[in-house]
Amino acid sequence: MGEAAARFPAVRVSEAKATAHERLVPVETPVAFVFNGTTYAVMMATPDDLDAFALGFSLSEGIVASREEIKSLEVIRHDKGIELQMWLDESRASKLTERRRHLAGPTGCGLCGIESLDEAVARSPVVSSATKFTPADVAKALGALAPGQVLNLKTHAVHGAGFWVAGRSLVAIAEDVGRHNALDKLAGKLAIEGTDPASGLVLLTSRVSVEMVQKTAMAGAPVIVAVSAPTGLAILTAEAAGITLIAVARHDAFEIFTHPERLGLDKAGRAIEVRIAEHAA
């Protein structure tokens, strides 16, 4: 698998027991597209097939019309990410300069690649909530998520982000075609309703990338429960941010990648014997 994937330890909690586990997860890293010395954009990506990524992005963005218009490409690896340094022929460079004058939004204009990479992996706030949960709480929260996704029940085409509190069940849910948008909407709902993010679990129907962890940390929620797998960078970010990251979550089992102490476990999965299905009833 090379650099595209890495193994991370986890605690697998099933109906019968909790055990130490290891999962192969995709690697996620910021990749800066730098044209003629200026950063155009930074994308979170799996760091393989980088030559193809550089060319495909340049073509799809209309920066070049053919491979020949990229005079050189150098892949530069830094501790915090990768720069794809490309130099364009003179005519394309002039058109890109003119285009940049009319661009709006976070394109990294005026930043060198290294500075842009620093922005992409900026340190998240540390969540210090001491709220504790049980495996039964996770199962109950998962059970409440799907029925609450009204739009997805009709369309089967949107992501969901929910917030579950013990004793209150699902207190907020947001849906969107974009997973990041759904989580942003959820954070907004919690703020409008005055719900303390430190009191419950964030539920995600999507995979867990680093941005999803960063957004959860900014909100101040202590636990993420996701039905899909996390990326390697998401795991490292959750560990540093004090967030309990639970993923690959099903009604009868899930995996804890960071801070298992919030569920009364150590990193070897000791100190718990539980049948989740029984408690979830």
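In short, a report on the structure. (Residues numbered from 1 in each chain as written. Predicted model: local features only at pLDDT ≥ 70, side-chain atom pairs only at ≥ 80, totals over all residues. Heavy atoms only, no water.)

Bringing helix α7 (residues 210–219) into the picture now. For an α-helix, 3.6 residues make a turn, and residues three or four places apart therefore share a direction. All buried positions along α7 are accounted for by Val210, Met212, Val213, Gln214, Thr216 and Ala217. Downstream of α7 by one or two residues, Gly220 has phi in the positive range, about 95°. (Buried < 20%, exposed > 50% of the residue type's maximum accessible area, 1.4 Å probe, protein only. Helix = DSSP H or I, 4+ residues; strand = E, 2+ residues; numbered from the N terminus.)

Below, the discussion takes up the sheet that holds strand β7 (residues 159–165). Spatially, β2-β1-β12-β11-β10-β9-β7-β8 is the arrangement adopted by the eight strands of the open sheet, whose pairing is mixed. One side of each edge strand has no neighbouring strand; the edge strands of this open sheet are β2 (18–26) and β8 (169–176). The average angle at which neighbouring strand axes cross in this sheet is 30°, direction not considered. Here helix α4 (residues 135–148) sits on the sheet in contact with β1 (5–13), β7, β8, β9 (201–204), β10 (223–226), β11 (244–247) and β12 (254–256), set at roughly 45° to β8. In this fold helix α6 (residues 179–193) packs onto β7, β8 and β9, with an angle of close to 135° to the strand it touches most, β8. (Pairing = 2+ DSSP bridges. Axes fitted to C-alpha atoms, helices over the stretch in contact; angles between N-to-C directions. Contact = heavy atoms within 4.5 Å.)

One way to put it is that α6 packs onto α7 with a least axis distance of 10 Å and a crossing angle of 5°. As summarised for this structure, α6 and α7 are arranged roughly parallel, according to the angle between their axes. Judged by residue contacts, Arg179, His180, Leu183 and Asp184 of α6 engage Glu211, Met212, Lys215 and Thr216 from α7. Here the contact of α6 with α7 is composed, by residue class, of two nonpolar, two polar and four charged. (Parallel < 35°, antiparallel > 145°, perpendicular 65-115°, else oblique. Nonpolar A, V, L, I, M, F, W, Y, C, P; charged D, E, K, R; others polar.)

Here the focus is the packing of aromatic side chains. The tally for this structure, following the rule as stated, stands at four aromatic pairs. Taken together, a centroid distance of 5.0 Å and an interplanar angle of 80° make the contact between Phe33 and Phe53 edge-to-face. Here Phe33 is found in strand β3 (residues 29–35), whereas its partner Phe53 is found in helix α1 (residues 50–60), with 20 residues between them in sequence. Residue class for Phe33 comes out buried when judged on its relative accessible area of 0%. (Phe/Tyr/Trp six-rings, centres within 6.5 Å; stacked < 30°, edge-to-face > 60°.)

This part takes up the sheet that holds strand β4 (residues 38–45). On the basis of which strands lie adjacent, the open sheet formed by four strands has the order β4-β3-β6-β5 and mixed pairing. Two strands bound the open sheet, and with one partner strand each, they are β4 and β5 (70–78). Taking each pair of neighbouring strands and ignoring which way they run, the sheet shows an average axis angle of 20°. Note: β3 against β4, seven bridges, orientation antiparallel. Bridging across to β4, Val31 finds its partner in Met43. Together, β3, β4, β5 and β6 (81–88) form the strand contacts of α1, whose direction differs from that of β5 by roughly 125°.

This brings us to the packing of α7 against helix α8 (residues 232–241). As a packed pair, α7 and α8 sit with axes 8 Å apart at the nearest point and diverge in direction by 20°. The orientation of α7 with respect to α8, classified from their angle, is roughly parallel. Once α7 is placed against α8, the crossing between them reads as right-handed. Seen from α7, the contacting residues are Val210, Val213, Gln214 and Ala217; seen from α8, they are Leu233, Ala234, Thr237, Ala238 and Ala241. Classifying every residue of the contact of α7 with α8 gives seven nonpolar, two polar and no charged. (Left-handed = near helix turned anticlockwise from the far one by under 90°.)

These results come straight from atomic positions and should not be treated as a statement about function.
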